[in-house]
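Next come the chains, spelled out residue by residue.
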Amino acid sequence: MLRTALRNVLAHKARLIMTALAVLLGVAFVAGTLVFADTTANAFRNASAQSLKGVAVSVRADEATTAPDVAVPDTAGGKPTTALDTALVRKIRQLPGVDSVRPTVHGQATLAGKDGRPVNADTNGQKLATNYQPGRDGNDGHYPLKEGRGPTAEGELALDAKTAAKAGYRIGDTVRFATDGPALTKKLVGIVSTDDPQVTAGGTLTLFDTRTAQQLFHHPGQFDEITVSATPGTDEHALTDQVRALLPGNGARAISGAELAAEQSAQIAKNTGYLTKTLLVFAGVALFVGVFLIANTFTMLIAQRSREIALLRAVGAARRQVVRSVLIEAALLGLVASAGGFVLGLGIAAAMRPLLNTTGAALPDGPLVITPAAPLASLAVGVVITVLAAWLPSRKAAKIAPVAALSSVDQAPPARALRVRNVLGTLLTGAGVLVMLYVSTLKGTKESNLMAAMLGGVLTLGGVIVLAPLLSRPVITLAGRVTTRFFGVNGKLARQNALRNPRRTSATASALMIGLALITGLTVGAHSAQHAMANEATAGLTADYKVNYNTTRGLDADAVGKIARVPGVAAAAPVTTAQFGTHGEHAVITGTDPEAFGKTARLDFHAGSLHDIGPGRIAVSDDFAGRAGLQVGATLDATMGSGMDSGSGKATKRKLTVVGIYAKTRTVDDALGTRADVLPYSVTKQFDNVLVKAEPGKAAGLERTMRAALGDSPLLKVRSQEQLIKDNNEEVTTVLSMMYGLLGMAVVIAILGVVNTLAMSVFERTREIGMLRAIGLDRSGIRQMVRLESVVISLFGAVLGIGTGTFLAWAAGGLTTTSMHDYETVLPWDRLAVFLLLALMIGVLAAIWPARRAARLNMLRSIQAS
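This is a predicted model, so every value here is computed, not measured.

Criteria and thresholds
- Residues numbered from 1 in each chain as written.
- Predicted model: local features only at pLDDT ≥ 70, side-chain atom pairs only at ≥ 80, totals over all residues.
- Heavy atoms only, no water.
- Helix = DSSP H or I, 4+ residues; strand = E, 2+ residues; numbered from the N terminus.
- Buried < 20%, exposed > 50% of the residue type's maximum accessible area, 1.4 Å probe, protein only.
- Contact = heavy atoms within 4.5 Å.
- Areas by Shrake-Rupley, 256 points an atom, 1.4 Å probe, with all protein chains shown as cover.
- Lys, Arg positive; Asp, Glu negative; His and termini not counted.
- Charge placed at Lys NZ, Arg CZ, Asp CG, Glu CD.
- Phe/Tyr/Trp six-rings, centres within 6.5 Å; stacked < 30°, edge-to-face > 60°.
- Pairing = 2+ DSSP bridges.
- 1 Å grid on protein atoms, 1.4 Å probe; cavity = no way out; pocket = protein on both sides within 12 Å on 5 of 7 lines; lining within 4 Å.
- Points joined across faces, edges and corners; volume = space filled by probe spheres on them.
- Nonpolar A, V, L, I, M, F, W, Y, C, P; charged D, E, K, R; others polar.
- Axes fitted to C-alpha atoms, helices over the stretch in contact; angles between N-to-C directions.
- Arc of directions from axis to C-beta.
- Polar contact = N/O pair within 3.5 Å; in protein donor to acceptor, adjacent residues only side chain to side chain.
- Core = buried A, V, L, I, M, F, W, Y, C linked by side-chain atoms within 4.5 Å.
- Left-handed = near helix turned anticlockwise from the far one by under 90°.
- Patch = residues over 30% accessible without salt bridge, like charges linked within 9 Å, V, L, I, M, F, W, Y side chains within 5 Å.
- Salt bridge = Lys/Arg side-chain N within 4 Å of Asp/Glu carboxyl O.
- Parallel < 35°, antiparallel > 145°, perpendicular 65-115°, else oblique.

Visitor: What's the story with the overall build of the protein in this structure? I'm lost.
Guide: Looking only at helices and strands, one finds 26 helices and 26 strands in the protein. With the C-alpha coordinates of the protein rotated into their principal frame, the extents come out at 100 × 75 × 50 Å. Counting over 866 residues, the protein shows a buried share of 50%. Counted over contacts in the protein with a minimum sequence separation of 6, partners at least 24 positions apart contribute 82%. For the protein, the exposed surface amounts to about 39,500 Å²; the carbon and sulfur share of it is 59%. Side-chain charges in the protein split into 86 positive and 63 negative, and the spacing between the mean points of these groups amounts to 17 Å.

Visitor: I would appreciate a short explanation of the packing of aromatic side chains in the present structure.
Guide: Any two aromatic rings considered together are summarised by their centre-to-centre distance and by the angle between their planes. Throughout the structure, instances matching the rule amount to 5 aromatic pairs. Every member of this aromatic cluster is reached through a ring pair, and the members are Phe-177, Phe-208 and Phe-217.

Visitor: It is not clear to me how the pairing of strand S25 (residues 689-694) should be interpreted in this structure. Could you clarify?
Guide: On a regular strand, one side chain projects to one face of the sheet and the next to the other, so that they alternate. The element S25 is largely enclosed, with a buried count of 5 among its 6 residues. Pairing between strand S17 (residues 545-549) and S25: 3 bridges, direction antiparallel. Within S25, the residue paired with Lys-546 across the bridge is Leu-691. Alignment of strand S18 (residues 569-582) against S25, held across 6 bridges, turns out to be antiparallel.

Visitor: Looking at this structure, how should I read empty space enclosed by the protein?
Guide: One way to see where empty space is left: roll a probe the size of a water molecule over the atoms. For the structure on display, the rule yields 5 cavities of 30 Å³ or more. Every residue along the wall of the largest cavity is listed here: Asn-497, Ala-498, Arg-500, Asn-501, Arg-504, Thr-505, Thr-757, Leu-758, Ser-761, Arg-765, Glu-789 and Ile-793. Those elements that provide at least two residues to the lining of the largest cavity are helix H14 (489-500), helix H15 (502-538), helix H21 (721-764) and helix H23 (779-812). Looking at side-chain class alone, the lining of the largest cavity contains 3 nonpolar, 5 polar and 4 charged residues.

Visitor: Explanation requested: the sheet that holds strand S5 (residues 98-104) in the structure shown.
Guide: Hydrogen bonds between backbone groups are what pair the strands of a sheet, and the pairing can be parallel or antiparallel. Strand order in the open sheet formed by 4 strands is S5-S15-S1-S16, with antiparallel pairing between adjacent strands. The open sheet terminates on both sides in strands that have one partner only, identified here as S5 and strand S16 (252-256). Within this sheet the neighbouring strands show an average axis-to-axis angle of 15 degrees, counted without direction. Taken strand by strand, helix H3 (residues 86-93) contacts strand S1 (57-61), S5 and strand S15 (225-230), and its axis lies near 165 degrees from that of S5. Sheet strands touched by helix H7 (residues 236-246): S1, S5, S15 and S16. Its angle to S16, the strand with the most contacts, is close to 170 degrees.

Visitor: Where do I start with H7 in this structure?
Guide: Since the α-helix packs 3.6 residues into each turn, any two residues three or four apart lie on the same face. Among the residues of H7, Leu-239, Thr-240 and Val-243 are the ones counted as buried. For H7, the buried positions fall inside an angular range of 105 degrees around the axis, keeping them on one side. Buried residues along H7 sit against S1, H3, S5, S15 and S16. Where H7 begins, the side chain of Asp-235 points an oxygen toward the backbone nitrogen of His-237, at a separation of 2.9 Å.

Visitor: What exactly am I supposed to notice about the nonpolar core here?
Guide: Note on soluble globular proteins: their nonpolar side chains tend to be buried together. In this structure, Phe-29, Phe-36, Val-289, Met-513 and Ile-749 are the most contacted members of the largest nonpolar core, which totals 63 residues. Once you skip the residues sitting within four places of it in the chain, Phe-29 turns out to touch Leu-279, Phe-282, Ala-283, Ala-286, Ile-348, Met-352, Leu-742 and Met-745. Core analysis: the next-biggest nonpolar cluster, separate from the first, contains 36 residues, Ala-56, Ala-167, Phe-177 and Leu-247 among them.

Visitor: Quick question: what am I supposed to make of the side chain of Thr-508 here?
Guide: Assignment of secondary structure puts Thr-508 in helix H15. The exposure class of Thr-508 is buried, given its relative accessible area of 3%. Looking at Thr-508, its side chain comes within polar contact range of the main-chain oxygen of Arg-504, at 3.0 Å. If near-sequence neighbours (up to four positions away) are discounted, Thr-508 is found in contact with Asn-296, Gly-753, Val-754, Thr-757 and Ile-793.

Visitor: Looking at this model, I keep getting lost on the side chain of Ser-338. Mind explaining?
Guide: Residue position: Ser-338 is located in helix H10 (residues 319-357). At a separation of 2.5 Å, a polar atom in the side chain of Ser-338 contacts the main-chain carbonyl oxygen of Gly-334. For Ser-338, the contacting residues outside a window of four places in its chain are Val-23, Val-27, Ser-378, Leu-379, Gly-382 and Val-383.

Visitor: Please clarify how the packing of H15 against H23 should be interpreted in this entry.
Guide: When two helices pack together, you describe them by how their axes are tilted relative to each other and by the distance separating the axes. H23 packs onto H15 with a crossing angle of 35 degrees between their chain directions and a minimal axis gap of 6 Å. Judged by the twist between their axes, the crossing of H15 over H23 is right-handed. Together, Thr-505, Ser-506, Thr-508, Ala-509, Leu-512, Met-513, Leu-516, Ala-517, Thr-520, Gly-521, Val-524 and Gly-525 of H15 and Ile-793, Ser-794, Phe-796, Gly-797, Ala-798, Leu-800, Gly-801, Ile-802, Thr-804, Gly-805, Thr-806 and Ala-809 of H23 make up the contact between the two elements. Of the residues in the contact of H15 with H23, the class split is 12 nonpolar, 12 polar and no charged.

Visitor: In this structure, what is going on with a nonpolar patch on the surface? I would like to understand it.
Guide: A surface patch of nonpolar side chains, about 310 Å² in accessible area, is lined by Leu-434, Leu-437 and Trp-810. Along the polypeptide, Leu-437 turns up in helix H12 (residues 419-439).

Visitor: I'm lost on the environment of Leu-205 in this one. Help?
Guide: Relative to the assigned elements, Leu-205 resides in strand S13 (residues 204-209). Given the relative accessible area of 3%, Leu-205 is considered buried. With sequence-adjacent residues up to four places away left out, Leu-205 is seen in contact with Leu-128, Thr-130, Tyr-143, Ala-158, Leu-159, Asp-160, Thr-163, Val-192, Thr-194 and Val-199.

Visitor: It is not clear to me how the packing of helix H13 (residues 447-487) against H23 should be interpreted in this structure. Could you clarify?
Guide: Here H13 crosses H23 at 140 degrees, and the two axes come no closer than 8 Å. Comparing the axis directions of H13 and H23 gives the class oblique. Crossing geometry of H13 relative to H23 is assigned as right-handed. Here H13 contributes Gly-457, Thr-460, Leu-461, Val-464, Ala-468, Leu-471, Ser-472, Val-475, Ile-476, Ala-479, Thr-483 and Phe-487 to the contact with H23, which in turn contributes Gln-784, Leu-788, Val-792, Phe-796, Leu-800, Thr-804, Phe-807 and Leu-808. Of the residues belonging to the contact of H13 with H23, the class tally is 14 nonpolar, 6 polar and no charged.

Below, the structure is given as structure tokens:
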């Protein structure tokens with residue numbers, strides 16, 4: 001029987017090639033994920049080891065606070081201050097066993113390229129900035145020089161090589177950048193190399209001398225981190241204890257190099273583990289779709305080899321031997337396909353890092369790492385999946401009676417009743433629908449709600465798959481009427497061929513249905529979320545532009561005046577926010593100029609109006625009024641300021657009168673007052689943004705003019721309503737694109753399933769095709785018949801997939817309403833139409849080879865086939 005299995009594999013290579021491809025693609029996804037996970041973890045470990053090389057103790061400042069009372073050259077609101085200063089550095093240097101001390105300043109600097117556009121404006125790459133620390137030789141070992149020298153004066157900086165190339169800068173050029181607001185310029189004096197994964201993954205690195213870095217990001221003499229190297233033989237833990245003894249009571253912590261390495265190792269394992277699990281879920285979907293193709297292939301092969309199997313039974317082969325022969329055949333196929341899949345998976349693993357880095361993943365460079373577990377797991381998965389998928393067909397093969405050897409090979413096997421399957425499918429689908437209807441009443445994304453949604457989705461999908469043979473008859477009959485009307489007898493034959501074996505048709509269509517159901521569900525959910533986010537981003541907003549900095553720093557009154565004086569600006573409404581509380585409810589109050597605000601925004605007032613707002617008089621949203629029990633005319637003892645939660649004493653009591661109630665929008669928070677009443681209590685003491693209304697016909701050219709008026713800082717954002725919507729939807733769009741790519745593998749496998757089913761169906765109907773040719777159906781008619789059959793099957797899968805995916809998206813949509821109050825299911829009709837057209841294209845493309853093969857069959861030889 002082993003020799004029989006080997007002979008069957010070699011004898012049916014062409015018929016098994018699509019099945020092998022399905023296994024190969026599924027295993028490639030698994031192998032690529034496993035190798036990618038090992039490669040990424042190893043690259044992170046290497047990068048971590050490089051950054052921790054020689055580090056015995058690391059001292060890090062706790063989260064920075066602001067020190068508005070410290071006199072510094074720049075600014076309102078103060079700068080972050082840390083507990084790590086030059087005095088502490090000197091004390092640590094004097095400890096016994098200390099070899100060297102490296103005090104570091106961390107910050108962010110957004111660069112403008114030579115073309116004036118911010119570098120990495122279209123990506124999520126990091127914008128790192130730090131201090132260059134030359135040693136005795138004048139070089140910084142952390143950042144080896146490639147050209148020029150390190151920065152030593154206030155007007156100088158250095159860039160890493162990739163950043164300089166992206167921005168178009170060379171040594172001697174003047175570089176324009178921003179750290180927290182207005183644009184600054186410095187001379188480029190050096191270009192360095194770095195192995196920091198955040199930079200090598202697409203981020204930027206800007207280096208300043210230590211004094212300049214402190215002025216830009218903190219205060220003179222302050223640092224974010226101090227790393228300590230020890231002399232040989234020094235006890236790391238003892239040195240760490242000595243460093244801890246020098247630290248102030250709070251504001252900093254010291255950790256040994258070994259402890260830091262363990263922390264980073266655990267974090268690496270956590271991060272890569274989450275990513276690996278996510279990718280393996282999609283690999284599992286691809287393999288699950290492949291199961292339908294494998295099972296379909298072996299079912300059809302066994303039906304076509306019924307005489308051969310019957311002869312084996314007649315000469316003494318036991319049922320167990322027949323089962324074993326089919327399973328050995330499946331195992332051999334799985335082994336060969338899995339080996340090819342693993343090789344392809346190496347290419348997938350190599351492509352994943354640059355692909356994910358385009359989304360800001362910041363994955364470090366590193367060689368591919370192939371551990372023994374990856375190929376062994378890949379081969380095991382491929383073989384096990386193939387054998388399991390072939391198990392039911394092998395049992396059918398064992399039931400073939402020896403007397404079947406007298407039957408013709410192309411005689412159709414007797415149809416089995418579908419009653420049990422239909423009952424089971426009805427129960428599964430009914431249970432899934434009930435669970436999803438229950439999910440539609442839930443709010444929030446807590447774990448129990450998500451688990452209920454997953455259970456309902458699995459039950460619904462499983463039920464539809466089991467019910468597919470029953471559903472195929474009405475759907476395909478309806479489609480067949482269309483094909484018959486437009487294509488005559490060829491369309492009628494295509495419909496009858498698709499209905500001939502409902503199990504086979506449904507198995508083929510189910511593979512496509514699963515992929516399209518998931519894609520449709522994601523598309524409907526994402527489109528609905530984008531629609532809700534677009535409404536929230538622009539609800540109540542009539543301004544043409546929104547101006548703000550891409551940092552926590554705001555715009556000062558001088559900037560607001562400059563915007564208002566730009567020719568073509570009809571109104572400029574500055575907006576600031578502060579914490580606000582009354583009647584036990586905490587909220588956010590927005591401060592603005594009511595007159596200018598009325599020209600840039602539209603509020604729906606239930607009582608009062610925008611004109612009633614003035615000094616000491618505020619309007620509140622209907623939501624906050626309901627929570628706090630407020631009405632027009634109420635006088636509040638309001639608590640305002642950033643310290644109202646912490647008890648720091650920074651909060652202030654104010655008496656305010658409610659003069660209006662409006663419908664809450666994203667443009668205005670829980671309460672609205674004048675800027676004079678709110679600005680003193682905001683965190684930055686500056687305006688968060690400015691809403692700008694253009695004069696009629698002047699909006700098109702205002703963006704560049706306003707940028708120029710404010711110094712054209714790389715951090716400045718001047719966005720129209722369309723850009724606000726795009727920015728809000730950007731993350732959803734990126735995730736959706738990745739999901740399409742990951743689920744695309746399942747759709748490709750489904751296409752192979754359609755091709756395989758049609759090709760083997762053509763072989764099975766060789767005599768029938770010959771008879772059709774004999775009675776006058778020409779080659780083009782044969783090709784058209786096979787194409788239409790493929791299209792009908794593909795459309796059946798698409799209808800099931802789109803319908804199921806839409807239902808699941810609608811039922812689960814309610815879980816997002818706590819984070820998106822305006823969420824409602826909105827069907828993207830254009831994309832659903834594209835999916836239907838895609839199904840049509842899949843049907844046509846999948847039929848190319850089978851239709852050509854059917855049309856080229858010799859008429860006489862086909863009639864004589866037995």
